[in-house]
Amino acid sequence: MDEEDQEGPRDVVSGSGGLWDHVHLSTDHHTEDEGSHQEPPLPPDLDWLEELSEEDDGDGDLVVEADYGQKRSYAETARMFKLRRNLDQLDSFHRQKEHDVLRAREELKLCRENVKSLEEQRDTLEEKIDQQKAADNSVAVFRLRTQHKHLCQKLQSEEELEGHLNIELKQLKLELNEVEMELSRFSSLRQEVQEEERLFQDLKVQKAATRLQQERQATQNLQLKIRHLKDKQVTMKKKEELECQRKIEERQANRKIATKYLKETIKRMHQEEAEKEEQKRQLLEKRIQAVKSLKANIAATQESLRIQQNRAKANAQEKEEQQKQLRKSLEAQGINSIRHMHQQKQLETIKQKQEEFEERQKSKKVIVAKIIQEEQLVKSRKRHQAKLPNISSTDKLSSLGRVRDNLLHYLDPRPPSATEERATAQWRETSGISSSSSASSDGEDPEENMRQEVDHLSPADSLAQPEFSGLWDEKYKSPLNLKTTLVQTEVKQEEAALSSGKLNVPVKKVHGKELKGPPFISKPEVLLFKDFEVQKIYKKKIVLTNTSYITNHCKLVGVSAQLKDSISINFEPPGSLPAGMSCDVQAVFQPMINEDLEGDVHFSSAAGPFSVPVRCTIKKCELVVDSELVDFGSHVVGQTISRTITLTNKGALATLFSLDTSTWLSPESHHVQMPSQETSSQNTTCGIQKSSEEIQTKQESQELCEASQQEKPDEESEVLAAGPQAIPEACVSTNAEPQVDECPEDTCDISLGNVREGEIGPFESIKLEVVFTPTVPGEAKLDFHIKFSNQSSKPIPIYVRGIAVSIPVWVVQPTVDLKICMFNRLYQDTVVVHSRASTALKVTFDVCPEMRKHMEILPKTGFIQAQSSLNAQLKFLPRRSLSKDVKKYFDSDTGVLEVPVTVQVAGQVQPVHFTVQAVVTSSDLQFEQTEVDFGVCSIYQSVKSSIRLTNLSLLPQDFGFLGVPEFIEVQPNDGFGTLLPQQTLDMDLIFSANKAREYNFQLTCKSGINRDFLLSCRAVGVCPPLELSHSLIQFGATALGDYSTTIIDLINPHVNRNQSKQSVTPVIKDVKTPEAPRLFSFTLPEDSDISITPSAGRLLPGQRCQVQVTFRPRLLEHEIREEVLRVLHRAKLLREKELEMNRLSEQETTKEIPVEPSKGKKTSTNLKNSKMSDDPKTDQQSESSNPVDIQPGSEQYEQARASLLCSFTQRCSDFIVPCFISEGDPPDDDRQAPPAWSAFNTLYLKLQCPAVQPSLMGISNNGHNIIDFHQVAVGQKVIKKFTIQNISNESLDLRTSVLDIHGPFSLLNAPRCMRPGEKHTLLLALSPGLEKTYCETLDIHDHKMTLEVTLRGEGVVPAVTSSHPGGLLDFGCVLEKESTSQVLKLQNNSTVAVGFMALLASLSPSRLQGGADSVAVLLGGYADSQVQPIVGTQNYSGLSVFSVVPVEGSIAPGQSQDITVTFQPDHPSVNYSDKLTIQLMNKSKVCVMDLKGAASSHNTYLYGGDALTVPIESLLPPLITSQTQPTAESEVMSDPSIPVLVSLRALCSGGAITPAVRELQVGCIRSTQSNKKSGEFYWENVASLQQQGFSIEPSKGTVEAGHTRTIRVTWSPQSGYKPYEVVQTCVPLTVKGDERNIYRVTLMALVSNSAD
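The notes below deal with the structure included here. These numbers were taken from a predicted model, which means no experiment stands behind them.

Some remarks on the pairing of strand E70 (residues 1556–1564)
Consideration 1: Here strand E67 (residues 1500–1503) runs beside E70; their pairing, made up of four bridges, is antiparallel. Looking across to E70, one finds that Leu1502 is bridged to Val1562.
Consideration 2: When E70 meets strand E74 (residues 1604–1611), the two strands line up antiparallel, connected through eight bridges. Bridging from a neighbouring strand, Val1562 pairs with Arg1605 of E74.

See the structure below:
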């Protein structure tokens, strides 16, 4: 590494030498080039110089006459830059060498100091060795000699390093001397380069000045254009404002008219709604009465059913007794009773079937008679319609209106009447038979046909009658009014067609042919928007075809009124269309409400009007099943049969469905024994006949209940006091309660499948399974219905029937329950088998092969006597292999065993089955962990470890820990107790090491059935190398927001090295740890209120360290969030209670005081509004009920925090903080490596931290005690408030700490004594003086606590730039009493808002007033006579000629501010001037500008020449006195000629004379006052001027408005000119504009040797 350092400088020196050799070569080439006058090419890195020189040649600004009269070449400029670069490199190399020499000297000095200290240590060790030798301590001598050897090695290495550094320092000094020699060689060259650089900078300054002048001229032109554009914009804006004002006035007038009509409409609507409410109330009362009568009828029907059932049971018992007596009598007579009884049953069955057949024939006859009657009714109706005359268009209109009313009534969500339902059912029956009805259904909608059929039925002809009179209002419409008036005019035909909405027009004859139907047909015929969604856009195309026999045209008239807000028609009239041609129409449908819409699109044509029907239907549910009757037939007991019902949704709206059997369970659904006598057959037949009537009654009652559910009246009544669902619940309860008692669903053989509820989507089908499992002989019935969540979908009833046939042998207990069993234990039970047969039967018990290892039934085969029973013994011994052997019947997760056992009966096809059930459980006790590792435990402390003992059995078990060692303790209850089934008990194992060694032992837990469970434990006892002065810290009661501090000592004791080991590891034993420094680190628990300082450090042997422990209690985050939820819940309960009280009070008011219809409507409207107003609050509360959604700093969060602080009582927390200790320092070879840490050396510090309620609380700044002033501009002062509140029950005397008097923070008011609940506001200010971040703490003390307030802020230097760099701002020349403006832009580049002020010198109170002193001040600082003084001529009116808008303001961070400077003179003058200073609030100046302007009374002016008057004018106007001295402008206006002096001075240098050049400006002002828009000028006697050496270009010309023209006057001395002779001549200049002005220009020229 040292060799590399030595080689590096040499390489640099060689490189530098080569570089400067190149510099010498460059100078040589330059001397050679001076003779040859050739310019070498530029190097690639200096190509930009060539471009710069080209620009200079184009402008002519960099042409400088040197002493030798030649320009600088490109090569000279390149050589200058190259020399500067090389000189800079040599200077940098010299500085580097000096730095290297200094660094080497410092390293040598440090090395010598190390050598000196090592020599001193060596001498000290040698003295200690001599002392130990004298004391004869060999161990110490050996240790000291080792240290001495190690120290000598270090000393030798340091001496070698010292020699190496000496050599390196000499080398570096040599290189530094060489570099200084090089610098001295190039000193003359450096001076030459500096001179060339100075000349080059002068060239750049001249070029920059020229470019700046050009930019200013371009800026002035641009500002003129912008000003004109702004004027145009202002004019346009005024016109727009006038137009907008006119529209607003028209809109207000229209709104007043609309409001008037709207009020009338609303009033009429309120009256209609009140009438409707009254009608609803009356209808509700009628329905309530009907429901009450229905309940009474249902109760009477149920009572009669109970009586009939009891009677049937009594008859059945009598029949059984008669059968027993008959059997005994037949056996006594010697007749085979079984055969005789079987024959009797067959005869009864045949007779019963015959009677059923006769009943069916009778019912069929009734149905056929009804069908024949309906057919006759249809035929008579057709004959009646054929006899009716043709109705007029007016009658069609009325009939179509009634049809529409019927259709709307049919689509009404309210339930239809019983008459309409029965008429609908009859129509459906007749539609399948009658050919006329089927033909009509093909062309029209079935629902419309049904409605038409119902309308044409008269009350006498209809067979359907309502069951309860007065429940529904039956309004039969009278037949159509037969009028034969004929309307022939086309106007009335068009009106009838538009109102009807159908494609029907009167019959016309065209070319002798009769035109039937509409003149145009549409494809599709009906514009259907099916299953639409709100706010979506649907487009459809209609093709209209001309079906008339003539060339026709069509025109869009409009759409129906109900469709105007939803449908728009895009139609371009095609013109004349021949027959058969078509045109396109596009309909765009955007629904706004979720309702069905119907209407027409009306067109007109030459053949008459026509229309296209439009139907818009929402998404609906159309639910059907494939079969409503499920008949299983006859099946033997024990079989399982299933049938499937398909539920199909033909609509586009999804809905939820559920299978409900509660209200459809019939009394006959229980099992009925097979009858044996004639009376039983008759009763059964009657029951079957009654069931159909009951089903019909239940359907009607269910429809009534649904109708009452859908109605929601606004007024309260006694029946509805319990809620809107009181009526349907009553209906359900009356039907369901007696049926559930008699035939519960569990005992019914017919059951439903797994799918009992779910969702059926649009156009989907779902399979519903019905299972028939006969267990008892007889007939089984189950009636249920499918309910839907969609209110428009009616429940679908399903009827299920099945017959079960019995077997002779059965088991008394079909399920043998062995309860809970344990593995490897024997359990027994008895199985009883009965036989109703008349002979002995052989039975065999068949256990499945998998269970034969675990279960046995004795005897396996036996004989059961006639009319007797057989007892078998069941033995069950579950083994551990049960889960593997019987996977099919045993659930290993739950332990449930269900084994089917079959009893085979000889001669019987169907075997007898029964099930053996048991819950097999384990007897294990399980520890959550198989091994407990206590880790490292100090001999001074105890370690607690928690274990969990779980009872895996389903039975309770006793347990106890036996043979526990003395160094461990088991709690609670010393390790004894009882575990309930599946219970988990937490137990604590407390380990206390008595020696520093390893511990490995086992704990034995014994259960109540004498089973042992072992738990392995291990631990390591150690003696830590460090000690704590206190292992327990008990803090005093500390208030929230305050803090408590205590100090403890951490000690590294000085231990004798002859003692035993201090720490023991599990692997290495009996190793003595040497005395060494120790590193320590405290680890704090998460989310704790504890801080420890220092948390880490290093302790030497025998050293101690003070550790500060601080306790800062605070509220926990989850506590605040829970308090927010409690507050919200409490507010919600109060609001609900208030709403309930308001509702009850309104109910009482409604009952006591009769309310008029209009008032009642208003009340209901208010109720609805109140509900609507409460909904958003409820939604908002439900949204914020999630604790995660509560944001810190929100209003709810801070309210909850303040509530907790005020209600806080006390909280005590315990923390255990570990202190980890290292094995020693990092290794010597790598100090950056992490030290070795040992878990055996860990110390633990226990903290007890009680927290109490604070007496002070900060209530501002969202409860935070940090006041952040953020960024403040330097020099500004920002004040913030901090409010505190006394939340204690006593007065507090406050005092504060002292802030830094030299700091930026200050307290503006003092604290005072605060009473309980009182608030006090502290004013804190920040005024930064430097650009840096400030932070300080303010302590607020009382006798209970200290409240810390942290003050933070950052000082920022404002960075504001101006678009104008400063200097001169020339407004040019304007006409008097006109104005011109220029805009400056201030850009705030800082991160804070900055305030500014615009100051004019003319408005400053401290500016100098007139007089000789003022003139001296004005003229003393300006060398150029063209420059005006600071404050020049002012307006005669007293107003400032220059104005600034805005005068002051603030600029936001990153934003800009436009400042408009306006020049508005009121009299002609050329001496208008002022000074504008823009400064910030901290008195720093952004820019300073000299404002200059001139005013003229004519649109043309001459500018230039020498000043003939002083630049100060009197403010007195010239009209005051005629004796005053006229000014320059007044002379222009009065005198026929205006004098102008132009002095020219030619420069003579080196024998060469440079011609003198002066410029005059002729300008023309653009103004609206002057009629002439341009000017012209011309010189007289130009030829005489040329004789004296003067030349004027141009001699004449024109000037456009708003521009200037430059006149160049040049003078060159003629031959024979005498030195210092003044050449003078006078020439007139005529300038024409709105007036003619003659200027007498005096030209005075001379030659001078100086440039001044």
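Once the structure has been displayed, the description carries forward.
Quick look at the nonpolar core
Consideration 1: One finds Val831, Phe845, Met851, Phe876, Leu897 and Phe914 to be the most contacted residues of the largest nonpolar core, which totals 37 residues.
Consideration 2: For this core, the elements supplying multiple residues, two or more each, are strand E20 (809–811), strand E21 (815–822), strand E22 (827–835), strand E23 (841–846), strand E24 (855–858), strand E26 (869–876), strand E27 (896–905) and strand E28 (912–921).
Consideration 3: Apart from residues lying up to four places away in sequence, Phe845 is in contact with Val831, Val833, Ile857, Pro859, Lys860, Leu870, Ala872, Thr902, Val903 and Phe914.
Consideration 4: If you look at the next biggest cluster of nonpolar residues, it comprises 36 residues, including Leu1026, Leu1205, Leu1245 and Cys1249.

Digging into the sheet that holds strand E53 (residues 1305–1307)
Consideration 1: With antiparallel pairing, the four strands of this open sheet are ordered in space as E48-E50-E55-E53. A strand with exactly one partner marks an edge of an open sheet, and here the two such strands are strand E48 (1256–1258) and E53. Neighbour-to-neighbour, the strand axes of this sheet turn through a mean angle of 30°, independent of strand direction.
Consideration 2: Where E48 and strand E50 (residues 1278–1286) come together, three bridges link them in antiparallel fashion.

Some remarks on a negative patch on the surface
Consideration 1: Together, Glu119, Glu120, Asp123, Glu126, Glu127, Asp130, Glu159 and Glu160 make up a negatively charged patch on the protein surface.
Consideration 2: Counting only elements with at least two residues in the negative patch, the list comes to helix H3 (74–135) and helix H4 (138–185).
Consideration 3: For the negative patch, the leading source of residues is H3, giving six residues.
Consideration 4: Inspection of the secondary structure assignment puts Glu160 in helix H4.

A word on unusual backbone geometry
For residues that are not glycine, phi is negative in most cases, and the peptide bond is trans in most cases.
Consideration 1: Residue Pro524 is reached from Lys523 by a cis peptide bond, and omega for that bond is 5°.
Consideration 2: In this structure, Pro524 sits in the loop between strand E3 (520–523) and strand E4 (527–532).
Consideration 3: Omega for the peptide link from Leu858 to Pro859 comes to -5°, which places this bond in the cis form.
Consideration 4: Its place among the elements puts Pro859 in the loop between E24 and strand E25 (861–864).
Consideration 5: The backbone of Gln535 shows a phi angle near 75°, a positive value even though the residue is not glycine.

What to know about the packing of aromatic side chains
Consideration 1: Across all of its chains, the model carries 22 aromatic pairs by this definition.
Consideration 2: Aromatic side chains Phe991 and Tyr999 sit 5.1 Å apart centroid to centroid with 75° between the ring planes, which places their arrangement in the edge-to-face category. Residues Phe991 and Tyr999 agree in their burial class; the two are buried.
Consideration 3: An aromatic cluster is present here, built from Phe934, Phe967, Phe991, Tyr999 and Phe1001 joined pairwise through their rings.
Consideration 4: The ring of Phe529 is capped by Lys540, whose NZ or CZ atom sits 5.4 Å from the centre of that ring.
Consideration 5: We note Arg1112 situated over the ring of Tyr1043; from NZ or CZ to the ring centre the distance is 4.6 Å.

Describing helix H5 (residues 187–333)
Consideration 1: Between its first and last C-alpha, H5 extends only 161 Å over 147 residues, short of the 219 Å set by a 1.5 Å rise per residue.
Consideration 2: Directly beyond the C-terminal end of H5, a positive phi value near 85° is found at Gly334.

Quick notes on the side chain of Ser566
Consideration 1: Within the secondary structure, Ser566 sits in the loop between strand E6 (554–559) and strand E7 (567–570).
Consideration 2: Accessibility expressed as a relative area gives 10% for Ser566, which makes it buried.
Consideration 3: Apart from residues lying up to four places away in sequence, Ser566 is in contact with Val588, Phe589, Gln590, Pro591, Met592 and Leu597.

Some details on the packing of H3 against H5
Each packed pair of helices is defined by two parameters, the angle between the axes and the distance between the axes.
Consideration 1: Between H3 and H5, the shortest axis-to-axis distance is 10 Å and the interhelical angle comes to 130°. On the basis of the axis angle, H3 is oblique to H5. Our pair here, H3 against H5, has a crossing hand that is left-handed. Residue-level contacts link Glu76, Thr77, Arg79, Met80, Phe81, Leu83, Arg84, Leu87 and Asp91 of H3 to Leu189, Arg190, Glu192, Val193, Gln194, Glu196, Glu197 and Phe200 of H5.
Consideration 2: Residue composition of the contact of H3 with H5, grouped by class: seven nonpolar, two polar and eight charged.

What to know about the environment of Ile1221
Consideration 1: Along the chain, Ile1221 falls in strand E46 (residues 1210–1222).
Consideration 2: In this structure, the C-alpha to C-alpha distance between Ile1221 and Thr1242, residues 21 residues apart in sequence, is 5.9 Å.
Consideration 3: Setting aside its immediate chain neighbours within four residues, Ile1221 contacts Pro1025, Leu1026, Arg1078, Leu1079, Phe1080, Trp1237, Ser1238, Asn1241 and Leu1243.

Side note on the side chain of Thr1625
Consideration 1: Along the polypeptide, Thr1625 turns up in strand E75 (residues 1623–1632).
Consideration 2: When neighbours within four sequence positions are excluded, Thr1625 is seen to be in contact with Leu1585, Gln1588, Phe1590, Val1641, Thr1642 and Leu1643.

Structural notes on the environment of Val1357
Consideration 1: Position of Val1357 relative to the elements: it lies in the loop between strand E57 (1346–1356) and strand E58 (1360–1362).
Consideration 2: The class for Val1357 is partly exposed, based on a relative accessible area of 42%.
Consideration 3: In this structure the C-alpha to C-alpha distance between Val1357 and Val1272, which are 85 residues apart in sequence, comes to 8.5 Å.
Consideration 4: If sequence neighbours within four positions are ignored, Val1357 has contacts with Val1274, Glu1331 and Ser1390.

Here is what the cut-offs are and how they apply
Residues numbered from 1 in each chain as written. Predicted model: local features only at pLDDT ≥ 70, side-chain atom pairs only at ≥ 80, totals over all residues. Heavy atoms only, no water. Pairing = 2+ DSSP bridges. Helix = DSSP H or I, 4+ residues; strand = E, 2+ residues; numbered from the N terminus. Core = buried A, V, L, I, M, F, W, Y, C linked by side-chain atoms within 4.5 Å. Buried < 20%, exposed > 50% of the residue type's maximum accessible area, 1.4 Å probe, protein only. Contact = heavy atoms within 4.5 Å. Axes fitted to C-alpha atoms, helices over the stretch in contact; angles between N-to-C directions. Patch = residues over 30% accessible without salt bridge, like charges linked within 9 Å, V, L, I, M, F, W, Y side chains within 5 Å. Areas by Shrake-Rupley, 256 points an atom, 1.4 Å probe, with all protein chains shown as cover. Salt bridge = Lys/Arg side-chain N within 4 Å of Asp/Glu carboxyl O. Lys, Arg positive; Asp, Glu negative; His and termini not counted. Charge placed at Lys NZ, Arg CZ, Asp CG, Glu CD. Phe/Tyr/Trp six-rings, centres within 6.5 Å; stacked < 30°, edge-to-face > 60°. Lys NZ or Arg CZ within 6 Å of the ring centre and 35° of its normal. Expected span 1.5 Å × (residues − 1). Parallel < 35°, antiparallel > 145°, perpendicular 65-115°, else oblique. Left-handed = near helix turned anticlockwise from the far one by under 90°. Nonpolar A, V, L, I, M, F, W, Y, C, P; charged D, E, K, R; others polar.

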